[in-house]
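Descriptive structure summary
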Amino acid sequence: MTERLPYDDRDWKPPEHDVTAQLGLVKFKPDDTAHLEIKDHQVCREHCRRKFCTSSCPAQVYRWEEEEKSISIAFEGCLECGTCRSGGCPYDNVTMRYPRGGFGVQYRFG
Ligand code: SF4
Ligand code: SF4
């Protein structure tokens, strides 16, 4: 595994917002294969104390599973906003592609 600089998270606080009600209005057509992947679970376990993805993702698809000591991804609910590959994970430890055409989040005007 490549060596990583410790991320300075001393002043970081999780954002305070609850978008559960709004998320309930979004429609999805889930693909049968995941378009999101953790590159290296060891980085999550050993380097990332705050598990930033669990609060930076607006759709709350990332969850820390204490028993398995790993992040689970409910990719079916992804809003395809791109946050997790542009700063949402400070360790650049998420691979995000887009679902196949016609699958994924169903935006009304796009
Ligand atoms: S923010 Fe990145 S490194 Fe941290 S738990 Fe999530 S995916 Fe893993
Ligand atoms: S693209 Fe956006 S909604 Fe999808 S997993 Fe990444 S942060 Fe969450």
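Preceding this section is the structure that the text describes.
Worth saying up front: this structure is predicted, and the values here are computed from it rather than measured.

1. Focus: the overall build of the protein
Of the regular secondary structure elements, the protein holds 3 helices and 6 strands. N-terminal to C-terminal, the α/β element order of the protein is α-β-β-α-α-β-β-β-β. Relative to the globule expectation of 13 Å for 110 residues, the C-alpha radius of gyration of the protein, 15 Å, shows essentially globular dimensions. By principal-axis analysis of the C-alpha atoms, the protein measures approximately 40 × 30 × 25 Å. Here the protein holds 110 residues, and the buried ones make up 15% of them. Look at the contacts in the protein between residues 6 or more apart in sequence, and 73% of them connect residues 24 or more apart.

2. Looking at the site of ligand 1
The environment of ligand 1 is formed by 13 residues, the closest being C44, C48, F52, C53 and C89. Looking at the shell around ligand 1 residue by residue, the class counts come to 11 nonpolar, 1 polar and 1 charged.

3. Details of the pairing of strand β3 (residues 62-65)
In the sheet, β3 pairs with strand β4 (residues 70-73) via 4 bridges, with the strands oriented antiparallel. Of the residues in β4, the one forming a bridge with Y62 is I73. Here β3 folds back onto β4 in antiparallel fashion, the turn holding 4 residues, of which K69 has a positive phi close to 55°.

4. Concerning unusual backbone geometry
Phi at Q60 takes a positive value of approximately 55°, unusual for a residue other than glycine. Inspection of the secondary structure puts Q60 in the loop between α3 (53-56) and β3. Positive phi, close to 60°, is recorded for E80, a residue that is not glycine. On the secondary structure map, E80 appears in the loop between β4 and β5 (94-96).

5. A word on the environment of C84
Structurally, C84 is set in the loop between β4 and β5. The spatial distance from the C-alpha of C84 to the C-alpha of Q22 is 20 Å, given a sequence separation of 62 residues. The residues contacting C84, other than those within four sequence positions of it, are C53, S56, C57, C89, V94 and M96.

6. Quick word on the environment of P58
On the secondary structure map, P58 appears in the loop between α3 and β3. With 16 C-beta atoms counted inside 10 Å, the residue P58 sits in the partly exposed group. Taking C-alpha positions, P58 is 7.9 Å from L79, a pair spaced 21 residues apart along the chain. With sequence-adjacent residues up to four places away left out, P58 is seen in contact with V19, L79, C81 and T83.

How each quantity is defined
- Residues numbered from 1 in each chain as written.
- Chains lettered and ligands numbered in written order.
- Predicted model: local features only at pLDDT ≥ 70, side-chain atom pairs only at ≥ 80, totals over all residues.
- Helix = DSSP H or I, 4+ residues; strand = E, 2+ residues; numbered from the N terminus.
- Rg over C-alpha atoms; globule rule 2.2 N^0.38 Å.
- Buried ≥ 20, exposed ≤ 12 C-beta atoms within 10 Å, placed from the backbone.
- Contact = placed C-beta atoms within 7 Å.
- Near = placed C-beta within 6 Å.
- Nonpolar A, V, L, I, M, F, W, Y, C, P; charged D, E, K, R; others polar.
- Pairing = 2+ DSSP bridges.

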